[in-house]
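# A closer look at the structure
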Amino acid sequence: MNILIINGPNLNLLGKRDSNLYGKDTLDELNAKLAKYATNLGANLSFYFSNCEGELITAMQQADCQAIILNAGAYSHYSYAIRDCIEAIKVPVVEVHLSNILAREEFRQKRVFQDVVVGFFCGEQINSYVKAIDFCLALKK
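Residues numbered from 1 in each chain as written. Predicted model: local features only at pLDDT ≥ 70, side-chain atom pairs only at ≥ 80, totals over all residues. Heavy atoms only, no water.

## Focus on the overall build of the chain
From N to C terminus, the chain includes six helices and five strands. Computed over the C-alpha atoms, the radius of gyration of the chain is 14 Å, within 12% of the 14 Å expected from 2.2 N^0.38 for a compact globule of 141 residues. Taking the principal axes of its C-alpha atoms as reference, the chain extends roughly 35 × 30 × 25 Å. Counting the 141 residues in the chain, one finds 48% classified as buried. Positive and negative charge centroids in the chain, built from 14 and 15 side chains respectively, lie 5 Å apart. (Helix = DSSP H or I, 4+ residues; strand = E, 2+ residues; numbered from the N terminus. Rg over C-alpha atoms; globule rule 2.2 N^0.38 Å. Buried < 20%, exposed > 50% of the residue type's maximum accessible area, 1.4 Å probe, protein only. Lys, Arg positive; Asp, Glu negative; His and termini not counted. Charge placed at Lys NZ, Arg CZ, Asp CG, Glu CD.)

## What to know about the packing of aromatic side chains
The relative placement of two aromatic rings is captured by the distance of their centres and the angle of their planes. Applying the stated criterion across every chain, the model contains two aromatic pairs. Ring plane angle 65° and centroid distance 5.9 Å describe the contact between Y75 and Y78, whose orientation is recorded as edge-to-face. Residue Y75 is classed as buried on the basis of its relative accessible area, which comes to 12%. Note on Y78: relative accessible area 47%, which makes it partly exposed. Both rings, one in F121 and one in F135, keep their centres 5.8 Å apart while their planes meet at 65°; by these two values the pair is edge-to-face. (Phe/Tyr/Trp six-rings, centres within 6.5 Å; stacked < 30°, edge-to-face > 60°.)

## Points about the nonpolar core
Counting residues in each nonpolar core, the largest one holds 24 residues, and the members touching the most others are I3, L34, I69, Y129 and I133. Of all elements in the fold, only β1 (2–7), α2 (27–40), β3 (67–71), β4 (93–97) and α6 (126–140) reach the threshold of two or more residues within this core. Residue contributions to this core peak at six residues, all from α6. Apart from the residues within four sequence positions on either side, I133 is in contact with I3, L34, Y37, A38, L45 and I69. In this structure, I68, A72, I89 and V93 belong to the second largest nonpolar core, which totals 21 residues. (Core = buried A, V, L, I, M, F, W, Y, C linked by side-chain atoms within 4.5 Å. Contact = heavy atoms within 4.5 Å.)

## Quick notes on the side chain of S50
Residue position: S50 is located in the loop between β2 (44–49) and α3 (53–61). Residue S50 is classed as buried on the basis of its relative accessible area of 3%. Engagement of the side chain of S50 in a polar contact is seen with the backbone nitrogen of C52, the distance being 2.9 Å. Of note is the side chain of S50, whose polar atom sits 2.5 Å from the side chain of E55. Aside from chain neighbours lying at most four places away, what touches S50 is N7, G8, P9, E55 and L56. (Polar contact = N/O pair within 3.5 Å; in protein donor to acceptor, adjacent residues only side chain to side chain.)

## Considering the packing of α3 against helix α4 (residues 80–88)
Where α3 contacts α4, the two axes come as close as 10 Å, and the packing angle between them is 0°. In terms of orientation, α3 and α4 fall into the roughly parallel class. Where α3 approaches α4, its residues E53, L56, I57, M60 and Q61 are matched on the opposing element by A81, I82, C85 and I86. Residue classes in the contact of α3 with α4 are distributed as seven nonpolar, one polar and one charged. (Axes fitted to C-alpha atoms, helices over the stretch in contact; angles between N-to-C directions. Parallel < 35°, antiparallel > 145°, perpendicular 65-115°, else oblique. Nonpolar A, V, L, I, M, F, W, Y, C, P; charged D, E, K, R; others polar.)

## Overview of the sheet that holds strand β5 (residues 119–122)
Strand order in this open sheet of five strands is β2-β1-β3-β4-β5, and the pairing throughout is parallel. Each edge of the sheet is formed by a strand with only one pairing partner; in this case those strands are β2 and β5. Taking the axes of each pair of neighbouring strands and ignoring which way they run, one obtains an average angle of 20° across the sheet. Here β4 runs beside β5; their pairing, made up of four bridges, is parallel. Among the inter-strand pairings, V96 is bridged to a residue of β5, identified as F121. Across the face of the sheet, α2 comes into contact with β1 and β2 while running at roughly 160° to β2. (Pairing = 2+ DSSP bridges.)

That is the geometry; function is a separate question.
See below:
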């Protein structure tokens, strides 16, 4: 199974941001650990990062994969453009967050993708992604 992991705004600052919320890994380290995990399960991961909303949308529209794992960062709380894209594409999208957005500031608790994604994992740092990979693999069965 081919899975595209898309990371949005400020995730390039991993390793510099609050490690209690986001973990200690840089984005490259996170991606390397996820790739190794997925390979052991027979899945192929590709990665895309952008701080720009439109570039995230284009990446999803052009994706050649069986599933997308999306950490849209703060866009998850207000981007109806990304929401519309998720609804329009044929590829299932799983929403992830490193931190527990449901226990953070009120504005972070709003999820505009909740009715168009097939899964949601948050609050477990890298394990949010691991669970999303497992979920995607289960979709294939």
